Amino acid sequence: MTIHGYSIIHSFTHSIIQSFNHSKLDPAPLLLTFKLAGITSVLLLVIALPIAYWLVFGKFKGRGVVEALIGMPLVLPPSVIGFYLLLAFSPSHWFGAMIEEYLGLRLVFSFPGLIIASILYSLPFMIYPIRAGLQSLPSSLREASYTLGKSEWQTFVQVLLPNCKPALLTAFVLTFAHTVGEFGVVLMIGGNIPGVTKVASVAIYNEVEALNYPAANAYAMVLFAITFIILLLVYSINNRLLRVRQPA
Amino acid sequence: MEVDFTFPAHSILALTGPSGAGKTTLLRQIAGLATPTSGRVVFNNNQWLDTANSIHIPAQQRHIGFVFQDYALFPNMTVLQNLEFALPKTHKSELVGHLLETAGLTQLADRKPHQLSGGQQQRVALARALVREPELLLMDEPFAALDPDMQLQLQDLLLKLRRERPFTVILVTHDMGEIFRLADQVAIMENGTLTRIGTPSEVYLDKSDSQELIIFGEVLTIEKQGETLLAQAWIDGKIRQLTIPAKLENQMYPGAKFTLHYGDGEVKVSGRKDRPPTADR
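Residues numbered from 1 in each chain as written. Chains lettered and ligands numbered in written order. Predicted model: local features only at pLDDT ≥ 70, side-chain atom pairs only at ≥ 80, totals over all residues. Heavy atoms only, no water.

Asks: Is there a simple way to think about the overall build of chain A in this case?
Replies: When its secondary structure is counted, chain A shows 12 helices and 0 strands. Walking chain A from its N terminus toward its C terminus, one meets helices and strands in the order α-α-α-α-α-α-α-α-α-α-α-α. Per-residue burial over chain A gives 46% buried out of 248 residues. Put simply, of all contacts in chain A between residues at least 6 apart along the chain, 73% involve residues at least 24 apart. Carbon and sulfur atoms make up 70% of the accessible area of chain A, which totals about 13000 Å². (Helix = DSSP H or I, 4+ residues; strand = E, 2+ residues; numbered from the N terminus. Buried < 20%, exposed > 50% of the residue type's maximum accessible area, 1.4 Å probe, protein only. Contact = heavy atoms within 4.5 Å. Areas by Shrake-Rupley, 256 points an atom, 1.4 Å probe, with all protein chains shown as cover.)

And the structure:
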């Protein structure tokens, strides 16, 4: 990193620390945001891998319907998703009632509810890059593995996944960053219970409403800085990985 | 596509014909990577495919080796790892070392595929395809992307490996030299059907033409010696000396591109104009 970039980040951190000191800022919403983003990204990676594989290599009709459904969060207002999830999660609805009866979980205004909502809301951000990564691999790699006696599973784990690392990294980080940036869905189904559902984006909104601009600024700058650094790292790593893969 | 043919085990069959004739598709169907709407594939009395009786052995269980046109080496693995990946748990790991050595890859074992030249990648692909000791090796235009020297080296390597352990080979190729050098049998495919199959000589050599020899080239220098001309000419990448009748003087001049026909006790130049009248000597 250049001296210039370093000094920008340095003054950035400095002003963030100052804002925390001046306003006696509560770090809980930030920690909650990154906890939510981390758990969502890990769970979604596990869920998305088989779905992406199935979309690329599966033989079935109605692929278009599945792809359209997965892409819905890209175009729908978050409040629409939040609204329907709020209805579905409520104990008076059969889904919410079933979850509460069998798992003892209440999903409305709770952290587990936020995770499920975030998984649904970030679905395309995880699935689309992985699908694109798998599609970009030459089909001969998969076929070569089959002719060497390897099963679909062995081929997926040992050949396909290691060769689309840039796509996996992009998918994971986009999901993480997108979950950090969630607002509408979280507000609809989580509300702002401190330490449970009050994430940073909601905290910013609250502080602005209370005309407490320095606190809002501190939260906002932390989100800005961290998401920028994450994206910067991803793109530099991906550029390096892609350069390595060019034939000598 | 409709094809029906049988050929002896432990021989090399070259599959040739114009592009789009279905050669690669046929190869993939034999491998189990593609399924025909109906048909049978039997190898060494093993039923691999019989659509009428719903038999379809997957590619994994056909015990074949397949060398792809783009080599299909796994970019995430080194040369050694590519070969080890192919090694079944029941096989001895010495085989990998032996194949690396035979293919001249021992020094390159720790390189990744993108650090290798085309010829080296091809050797890895060939060695990897043989790790499982397949009875049948399928190759899709394996040497097409290589320069002529490298093609010869790899053809020699294939023959060497077959001397160590005989296996059957089906090879898609467009190269006439390769067909005559390697193949016991050649099959010509056109528009999805097999039009001829036999030994290369049976299929290609037309006895009625064998009296005639045709040479293409370009004249470099020419010298008259009594009733004959002594020409130095560029033929097939080399400078060669030709003795030709003096009556061809007008057609054989420095810079002239020629097609010489030797036959019926006479030498003719065809398809060439006489020396341009303005030519400056």
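Now that the structure is up, let's keep going.
Asks: Explain the layout of surface pockets to me, please; I cannot follow it from the model alone.
Replies: To find the voids left in a structure, one rolls a probe of water-molecule size over its atoms. All names here are of chain B. In this structure, the largest pocket encloses a volume near 810 Å³. Taken together, 27 residues line the largest pocket, and the ones lying closest to its centre are Val3, Phe5, Arg40, Val41 and Val42. When residues of the lining of the largest pocket are traced back to their parent elements, those giving at least two are helix H1 (23–31), strand S2 (40–43), strand S3 (46–50) and strand S7 (168–172). The leading source of residues in the lining of the largest pocket is S2, at 4 residues. Its residues assigned to classes, the lining of the largest pocket comprises 16 nonpolar, 8 polar and 3 charged. (1 Å grid on protein atoms, 1.4 Å probe; cavity = no way out; pocket = protein on both sides within 12 Å on 5 of 7 lines; lining within 4 Å. Points joined across faces, edges and corners; volume = space filled by probe spheres on them. Nonpolar A, V, L, I, M, F, W, Y, C, P; charged D, E, K, R; others polar.)

Asks: Teacher, can you tell me more about the UniProt feature "domain: ABC transmembrane type-1" (unreviewed entry) in chain A here?
Replies: When the UniProt feature table is mapped to this numbering, "domain: ABC transmembrane type-1" (unreviewed entry) covers residues 30–234 of chain A. Helix makes up 79% of residues 30–234 of chain A and strand makes up 0%, while its end C-alpha atoms are separated by 21 Å. (UniProt positions renumbered as here; feature names shortened; annotations may be inferred.)

Asks: For this particular structure, what's the right way to read helix H2 (residues 79–86) of chain B?
Replies: Side chains of residues three or four places apart in an α-helix project in the same direction, reflecting 3.6 residues per turn. Residues of H2 of chain B that are buried: Val79, Asn82, Leu83, Phe85 and Ala86 of chain B. Down the axis of H2 of chain B, the buried set is contained in an arc of 155 degrees. They therefore lie on one face. Each element contacted by the buried residues of H2 of chain B is listed here: helix H7 (139–147) and helix H8 (152–160) of chain A together with helix H3 (94–102) and helix H4 (118–130) of chain B. (Arc of directions from axis to C-beta.)

Asks: Just to check I follow, could you spell out the nonpolar core for this structure?
Replies: Generally speaking, soluble globular proteins have nonpolar side chains that are buried together. Counting 112 residues, the largest nonpolar core has Ile130 and Leu134 of chain A together with Leu126, Leu137, Leu138, Met139 and Ile170 of chain B as the members making the most contacts within it. Excluding residues that lie within four positions of it along the chain, leucine 137 of chain B makes contacts with Gly65, Phe66, Val67, Leu126, Ala129, Leu130, Leu158, Phe167, Thr168, Val169 and Ile170 of chain B. Among the nonpolar cores identified, the runner-up in size contains 17 residues, and Phe176, Val180, Ala200 and Ile204 of chain A belong to it. (Core = buried A, V, L, I, M, F, W, Y, C linked by side-chain atoms within 4.5 Å.)

Asks: What am I meant to see in the UniProt feature "transmembrane region" (unreviewed entry) in chain A here?
Replies: When the UniProt feature table is mapped onto this chain, "transmembrane region" (unreviewed entry) is found at residues 36–56, 68–87, 107–128 and 218–237 of chain A. Between the first and last C-alpha atoms of residues 218–237 of chain A the distance is 28 Å; the span itself is 100% helix and 0% strand.

Asks: Could you clarify how one ought to interpret helix H9 (residues 165–180) of chain A in this entry?
Replies: All names here are of chain A. With 16 residues, H9 should cover 22 Å at 1.5 Å per step; its first-to-last C-alpha distance of 22 Å lies within 8% of that length. When you tally the buried positions in H9, you get 12 out of 16 residues, the bulk of the element. By the burial criterion, the buried members of H9 are Pro166, Ala167, Leu168, Thr170, Ala171, Val173, Thr175, Phe176, Ala177, His178, Thr179 and Val180. (Expected span 1.5 Å × (residues − 1).)

Asks: Help me understand a nonpolar patch on the surface in this model?
Replies: A cluster of nonpolar side chains, namely Phe224, Phe228, Ile229, Leu232, Leu233 and Ile237 of chain A, defines an oily patch on the protein surface of about 550 Å² accessible area. If you trace the backbone, phenylalanine 224 of chain A turns up in helix H12 (residues 213–245). (Patch = residues over 30% accessible without salt bridge, like charges linked within 9 Å, V, L, I, M, F, W, Y side chains within 5 Å. Salt bridge = Lys/Arg side-chain N within 4 Å of Asp/Glu carboxyl O.)

Asks: Help me understand the environment of leucine 161 of chain A, please; the structure alone is not making it clear to me.
Replies: Residues and elements named next belong to chain A. Residue placement: leucine 161 occurs in the loop between H8 and H9. Accessibility expressed as a relative area gives 14% for leucine 161, which makes it buried. When near neighbours in sequence (up to four residues on either side) are disregarded, leucine 161 contacts Leu49, Phe156 and Leu168.

Asks: Teacher, can you tell me more about the interface of chain B and chain A here?
Replies: A common way to express how large an interface is: the accessible area buried when the components associate. Chain B puts 21 residues into the contact, and the matching count from chain A is 22 residues. Buried area between chain B and chain A, summed over both chains or domains, comes out near 1800 Å², and the portion from carbon and sulfur atoms is 63%. When residues of chain B are sorted by the area they lose upon contact with chain A, Gln60, Phe85 and His114 of chain B head the list and together hold 34% of the total. Put simply, chain B and chain A have 1 salt bridge between them. Here glutamate 143 of chain A makes a salt bridge to arginine 28 of chain B, at a shortest N to O gap of 2.8 Å. Residues that form the side of chain B that touches chain A fall into these classes: 13 nonpolar, 4 polar and 4 charged. (Buried area = accessible area lost by both parts, 1.4 Å probe.)

Asks: Hey, could you run me through the pairing of strand S6 (residues 136–140) of chain B in this one?
Replies: Side chains on a regular strand alternate between the two faces of the sheet. Residues and elements named next belong to chain B. Burial of S6 is extensive: 5 of the 5 residues sit out of reach of the surface. Alternating residues of S6 divide into Leu136, Leu138 and Asp140 and Leu137 and Met139, and every residue in both groups is buried. As paired elements, strand S5 (residues 64–67) and S6 share 4 bridges and run parallel to each other. Note on S6: the bridge partner recorded for glycine 65 is leucine 137. Here S6 pairs with S7 via 5 bridges, running parallel. Residue pairing for S7: aspartate 140 is matched across the bridge by valine 172. (Pairing = 2+ DSSP bridges.)

Asks: Is there a simple way to think about the packing of helix H3 (residues 63–75) of chain A against helix H6 (residues 111–136) of chain A in this case?
Replies: Geometrically, a packed helix pair is captured by the angle between its two axes and the distance between the axes. All names here are of chain A. The contact between H3 and H6 brings their axes to 7 Å, and the two run at 120 degrees. Relative to H6, the element H3 is oriented oblique. You can see that H3 and H6 cross each other, and the crossing is left-handed. Of H6, the residues touching H3 (which contributes Glu67, Ile70, Gly71, Pro73 and Leu74) are Leu120, Tyr121, Leu123, Pro124, Phe125, Ile127, Tyr128 and Arg131. Across the contact of H3 with H6, the residue classes tally to 10 nonpolar, 1 polar and 2 charged. (Axes fitted to C-alpha atoms, helices over the stretch in contact; angles between N-to-C directions. Parallel < 35°, antiparallel > 145°, perpendicular 65-115°, else oblique. Left-handed = near helix turned anticlockwise from the far one by under 90°.)

Asks: What should I look at first to understand the sheet that holds S6 of chain B in this one?
Replies: Adjacent strands of a sheet form backbone hydrogen bonds with each other and so pair up, either parallel or antiparallel. Residues and elements named next belong to chain B. Across the sheet, 6 strands lie side by side as S5-S6-S7-S1-S8-S9; this open sheet has mixed pairing. Edge positions in the sheet fall to S5 and strand S9 (193–198), since each has one partner strand and no second. With strand direction ignored, the average angle separating the axes of adjacent strands in the sheet is 15 degrees. Strand direction decides the pairing type here: strand S1 (residues 12–16) and S7, joined by 4 bridges, are parallel. Counted as the bridge partner of leucine 15 is valine 172 from S7.

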